[in-house]
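Okay, here's what each chain looks like letter by letter:
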Amino acid sequence: VPKSAVAVEQVLTLRHLRDLDAVRNDVFGHAAPLSDEDLERELAECTKPGARVARFVAYLDRVAIGSGGITGHPKLSFAFLWAGGICEAYRGQGAYTALLRARMDWARAQGIEHAGVYAKVDTSAPILAAHGFQRYGHVDYWER
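What this report covers is the structure whose coordinates are included nearby. (Residues numbered from 1 in each chain as written. Predicted model: local features only at pLDDT ≥ 70, side-chain atom pairs only at ≥ 80, totals over all residues. Heavy atoms only, no water.)

### Here's the deal with the packing of helix H1 (residues 14-28) against helix H2 (residues 36-47)
Any two packed helices are characterised by how steeply their axes cross, that is the angle between the axes, and by the distance between the axes. H2 packs onto H1 with a crossing angle of 110° between their chain directions and a minimal axis gap of 10 Å. Considering their axes alone, H1 and H2 lie roughly perpendicular with respect to each other. For H1 against H2, the interelement crossing comes out right-handed. When H1 is examined against H2, the residues Leu 14, Leu 17, Arg 18, Asp 21 and Arg 24 are found in contact with a partner set consisting of Asp 36, Leu 39, Glu 40, Glu 42 and Leu 43. Split into classes, the residues belonging to the contact of H1 with H2 amount to 4 nonpolar, no polar and 6 charged. (Axes fitted to C-alpha atoms, helices over the stretch in contact; angles between N-to-C directions. Helix = DSSP H or I, 4+ residues; strand = E, 2+ residues; numbered from the N terminus. Parallel < 35°, antiparallel > 145°, perpendicular 65-115°, else oblique. Left-handed = near helix turned anticlockwise from the far one by under 90°. Contact = heavy atoms within 4.5 Å. Nonpolar A, V, L, I, M, F, W, Y, C, P; charged D, E, K, R; others polar.)

Dropping the structure here:
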């Protein structure tokens, strides 16, 4: 599959948000799909004037295969990328890179010069490193 076949769209409609929720559930194992009320509340946050949060969905042949979000802090010229993930069956086809590019384009349009992200060592970290991200420390996760 050519990498150019992956299309990334910013979440601007309930359809986008439903697609994002389905991908998020597949990739990260969330319990249940969000209610229409929750989706409408999230959509309002993504689309209000001056929104600091943006979400994106990656599509291949009109099938939602990945998603990711970004929170911008323009006054600090910093953004934080989060929840970037690709459905397992579609990994290795350029979707993560396309989502990264879309989020960074959004950040630059906000005047943001720096971005950070927590990355899994075996999956997203090598992709991020290939695009110029540098590693600063590590995070330990504790479960009870």
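Read on for the rest.
### A few points about the sheet that holds strand E3 (residues 63-73)
Consider a sheet: its strands pair through backbone hydrogen bonds, and that pairing is either parallel or antiparallel. Pairing is mixed across the open sheet formed by 5 strands, whose spatial order is E1-E2-E3-E4-E5. This sheet does not close on itself; its edge strands, each paired only once, are strand E1 (6-10) and strand E5 (114-117). The average undirected angle you get between the axes of adjacent strands in this sheet is 25°. Bridge count for E3 against strand E4 (residues 78-86) is 7 bridges, and the pairing is antiparallel. Across the sheet, the residue bridging to His 73 is Phe 78, located in E4. Lying over the sheet, helix H3 (residues 95-109) contacts E1, strand E2 (53-60), E3, E4 and E5, oriented at roughly 155° with respect to E4. (Pairing = 2+ DSSP bridges.)

### Details of the nonpolar core
It is characteristic of soluble globular proteins that their nonpolar side chains tend to be buried jointly. With 21 residues, the main nonpolar core has Val 6, Phe 56, Ala 58, Ile 70, Ala 95, Trp 106 and Ala 107 as its most contacted residues. Counting residues per element, the ones that place at least two in this core are E2, E3, E4 and H3. With 9 residues, the top contributor of residues to this core is H3. Membership of the second largest hydrophobic core comes to 7 residues, among which are Leu 17, Leu 43, Val 57 and Tyr 59. (Core = buried A, V, L, I, M, F, W, Y, C linked by side-chain atoms within 4.5 Å. Buried < 20%, exposed > 50% of the residue type's maximum accessible area, 1.4 Å probe, protein only.)

### Considering the packing of aromatic side chains
Aromatic ring pairs are described here by two measures, namely the spacing of the ring centres and the angle between the planes. All chains considered together, the criterion is met by 1 aromatic pair. Their ring planes at 70° and their centres at 5.2 Å tell us that Phe 80 and Tyr 118 sit as a pair that is edge-to-face. In this pair, Phe 80 is assigned in strand E4 and Tyr 118 in the loop between E5 and helix H4 (124-130), connecting sequence segments 38 residues apart. Relative accessible area serves as the criterion here: at 57%, Tyr 118 is assigned to the exposed category. (Phe/Tyr/Trp six-rings, centres within 6.5 Å; stacked < 30°, edge-to-face > 60°.)

### Details of unusual backbone geometry
The backbone phi angle of Ser 77 is positive, close to 55°, even though this residue is not glycine. Assignment of secondary structure puts Ser 77 in the loop between E3 and E4. Residue class for Ser 77 comes out buried when judged on its relative accessible area of 15%. Although it is not a glycine, Ala 83 adopts a positive phi angle of roughly 50°. Among the secondary structure elements, Ala 83 is positioned in strand E4.

### Structural notes on the side chain of His 16
Of note, His 16 is situated in helix H1. There is a polar contact of 3.0 Å between the side chain of His 16 and the side chain of Thr 13. (Polar contact = N/O pair within 3.5 Å; in protein donor to acceptor, adjacent residues only side chain to side chain.)

### Focus on the pattern of salt bridges
Summed over the entire model, instances satisfying the criterion amount to 10 salt bridges. For Glu 9, the salt bridge identified is with Arg 15, shortest N-O distance 3.5 Å. For Glu 9, a relative accessible area of 30% puts it in the partly exposed group. Ionic pairing is found between Arg 41 and Asp 38, a salt bridge with its closest N-O pair at 2.4 Å. Highlighted residues: Arg 41 and Asp 38, both in helix H2, separated by 3 residues, approximately one helical turn. (Salt bridge = Lys/Arg side-chain N within 4 Å of Asp/Glu carboxyl O.)

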